[in-house]
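The primary structure of each chain is shown beneath.
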Amino acid sequence: MAPALLWLTALMVVPCGLILALGFFRRGLYGGIDYTFTLENFALIIDPLYAGIFLTSARIAGLATLIAVVIGYAAAYAIAAAPRHRQPLLLFLAVLPFWSNYLIRTYAWIVLLNREGLITQALRMLGYEGEPPSMLYTEGAVITGLVYNYLPFVILACYAPLARLNPELAEASRDLGASAFTTFRRVILPMTLPGIAAGAVFVFVLSVGNFITPALLGGGRFQMMGNLIYAQFLTANDWPFGAAISMVLIAIMMGLLTLQAIAAEKGAGERREGANG
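Let us look at the structure shown here. (Residues numbered from 1 in each chain as written. Predicted model: local features only at pLDDT ≥ 70, side-chain atom pairs only at ≥ 80, totals over all residues. Heavy atoms only, no water.)

Quick word on the overall build of the protein
Across its full length, the protein holds 13 helices and two strands. With respect to the three principal axes, the spread of C-alpha positions in the protein is 75 × 65 × 35 Å. Put simply, the protein has 277 residues, and 36% of those count as buried. Sequence-distant contacts, at least 24 apart, represent 67% of the contacts inside the protein between residues at least 6 apart. Surface exposure of the protein reaches about 16100 Å², of which carbon and sulfur atoms provide 70%. Where the 16 positive side-chain charges of the protein centre and where its 14 negative ones centre are 5 Å apart. (Helix = DSSP H or I, 4+ residues; strand = E, 2+ residues; numbered from the N terminus. Buried < 20%, exposed > 50% of the residue type's maximum accessible area, 1.4 Å probe, protein only. Contact = heavy atoms within 4.5 Å. Areas by Shrake-Rupley, 256 points an atom, 1.4 Å probe, with all protein chains shown as cover. Lys, Arg positive; Asp, Glu negative; His and termini not counted. Charge placed at Lys NZ, Arg CZ, Asp CG, Glu CD.)

Brief notes about the packing of aromatic side chains
Tallied over the entire structure, the rule returns 15 aromatic pairs. With a centroid separation of 5.8 Å and 25° between ring planes, the pair formed by Phe153 and Phe202 is classed as stacked. A residue pair is termed long-range when its members are at least 10 positions apart, and Phe153 in helix α7 (residues 139-164) and Phe202 in helix α10 (residues 193-208) qualify at 49 residues. Overall, Phe153 belongs to the partly exposed group, its relative accessible area being 28%. On the basis of an interplanar angle of 20° and a centroid distance of 5.3 Å, the ring pair of Phe211 and Tyr230 is categorised as stacked. Pair noted here: Phe211 is in the loop between α10 and α11 (212-217) and Tyr230 is in helix α12 (residues 225-234), with a separation of 19 residues, a long-range link. Judged by its relative accessible area of 34%, Phe211 falls in the partly exposed class. (Phe/Tyr/Trp six-rings, centres within 6.5 Å; stacked < 30°, edge-to-face > 60°.)

What about the nonpolar core?
Ile60 and Leu146 are the most contacted members of the largest nonpolar core, which has 28 residues in total. When residues of this core are traced back to their parent elements, those giving at least two are α3 (48-81), α4 (87-95), α7 and α10. With 11 residues, α7 is the largest single contributor of residues to this core. Apart from residues lying up to four places away in sequence, Ile60 is in contact with Glu139, Val142, Ile143, Leu146, Phe222 and Met224. Counting residues in hydrophobic clusters, the runner-up holds 18 residues, among them Ile229, Phe241, Ile245 and Met253. (Core = buried A, V, L, I, M, F, W, Y, C linked by side-chain atoms within 4.5 Å.)

Structural notes on the environment of Leu136
With respect to the secondary-structure elements, Leu136 resides in the loop between α6 (118-125) and α7. Taking relative accessible area as the criterion, Leu136 reaches 11% and is therefore assigned buried. In this structure the C-alpha to C-alpha distance between Leu136 and Arg174, which are 38 residues apart in sequence, comes to 47 Å. The contacts of Leu136, once residues within four sequence positions are left out, are Ile110, Leu113, Asn114, Ala141 and Leu217.

Here we look at unusual backbone geometry
Only a minority of non-glycine residues have a phi that is not negative, and only a minority of peptide bonds are not trans. Phi angles above zero are rare outside glycine, and Tyr137 is one such case at about 60°. With respect to the helices, strands and loops of the structure, Tyr137 is situated in the loop between α6 and α7. The backbone phi angle of Asn237 is positive, close to 55°, even though this residue is not glycine. Its location among the elements puts Asn237 in the loop between α12 and α13 (239-276).

As for the side chain of Gln260
Structurally, Gln260 is set in helix α13. Residue classification places Gln260 among the buried residues on the basis of a relative accessible area of 18%. When near neighbours in sequence (up to four residues on either side) are disregarded, Gln260 contacts Pro194, Ala197, Ala198 and Val201.

A word on the packing of α3 against α7
Closest axis-to-axis distance for the α3/α7 pair is 6 Å, and the angle between their directions is 40°. Judged by the angle between their axes, α3 and α7 are oblique. When the axes of α3 and α7 are compared, the crossing they make is right-handed. When the residues that make up the contact of α3 with α7 are grouped by side-chain class, the tally is 24 nonpolar, one polar and two charged. (Axes fitted to C-alpha atoms, helices over the stretch in contact; angles between N-to-C directions. Parallel < 35°, antiparallel > 145°, perpendicular 65-115°, else oblique. Left-handed = near helix turned anticlockwise from the far one by under 90°. Nonpolar A, V, L, I, M, F, W, Y, C, P; charged D, E, K, R; others polar.)

A look at the packing of α7 against α10
Packed helix pairs are specified by the crossing angle of their axes together with the interaxial distance, meaning the distance between the axes. In contact at an axis separation of 7 Å, α7 and α10 are set at 160° when each is read in the N-to-C sense. Relative to α10, α7 is oriented roughly antiparallel. Crossing handedness for the pair α7 and α10: right-handed. Between α7 and α10, the residues in contact are Leu146, Tyr150, Phe153, Val154, Ala157, Cys158 and Pro161 and Gly195, Ile196, Ala198, Gly199, Phe202, Val203, Leu206 and Ser207, respectively. The residue makeup of the contact of α7 with α10, split by class, is 12 nonpolar, three polar and no charged.

Brief notes about the side chain of Asn149
Looking at the secondary structure, you find Asn149 in helix α7. Given the relative accessible area of 1%, Asn149 is considered buried. There is a polar contact of 2.8 Å between the side chain of Asn149 and the backbone oxygen of Gly145. (Polar contact = N/O pair within 3.5 Å; in protein donor to acceptor, adjacent residues only side chain to side chain.)

Put into structure tokens, the structure is as follows:
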């Protein structure tokens, strides 16, 4: 494990440590860093202006996560219910977007959503002659882009427990008189919750720190945490404050990932106890 640990230490732990240390210094008068210890950068994060940006980021990321989980779970359920010989092909199609660059996938949505894009052209072909709907540079466009780009994570995370699920459990539930909905709610859904939680955490963590999608599909109208960090480092030249925001965001992400891991381990322990009992 030494090479892997060395790699992680050099390329993740050390850079994060440097960013954390940077957050405790001041911005120089003309930019740069004034190596004077202060906690002002972390205190400034709770300012109503920046707290509002964080809440906006959490709301957009939360909506994207909810939509992605609903669509992704349905897709994973359909793939798991398909014949075995077709499942690899369906999974391949689900992850096929990952074969293209993230920027290309995002620009593709600009082509689709702009006023002269494919959706508007399709509406006109169907006889619509009114003002083209405003779809680009909206919050809906940002959420759509996030859902599209991160949906495969949810599908893969949900497919794993669904594929391992013993079909005899659902059959036994139906034999005991439960409806299809009751079987899904009381048997299938609880046993696949770890996959849902893993997919939801992936989407939320990646969405809340995203800055490319809000910049391109939101047109800069929707400031998210990723955009704020980008602006502090490359526009305002306030590296200490940007580092403080980055570390708060990393702490939130690590907290969510830790809770998800604990919940998954607890669920696995309960399943082992049930099997042994």
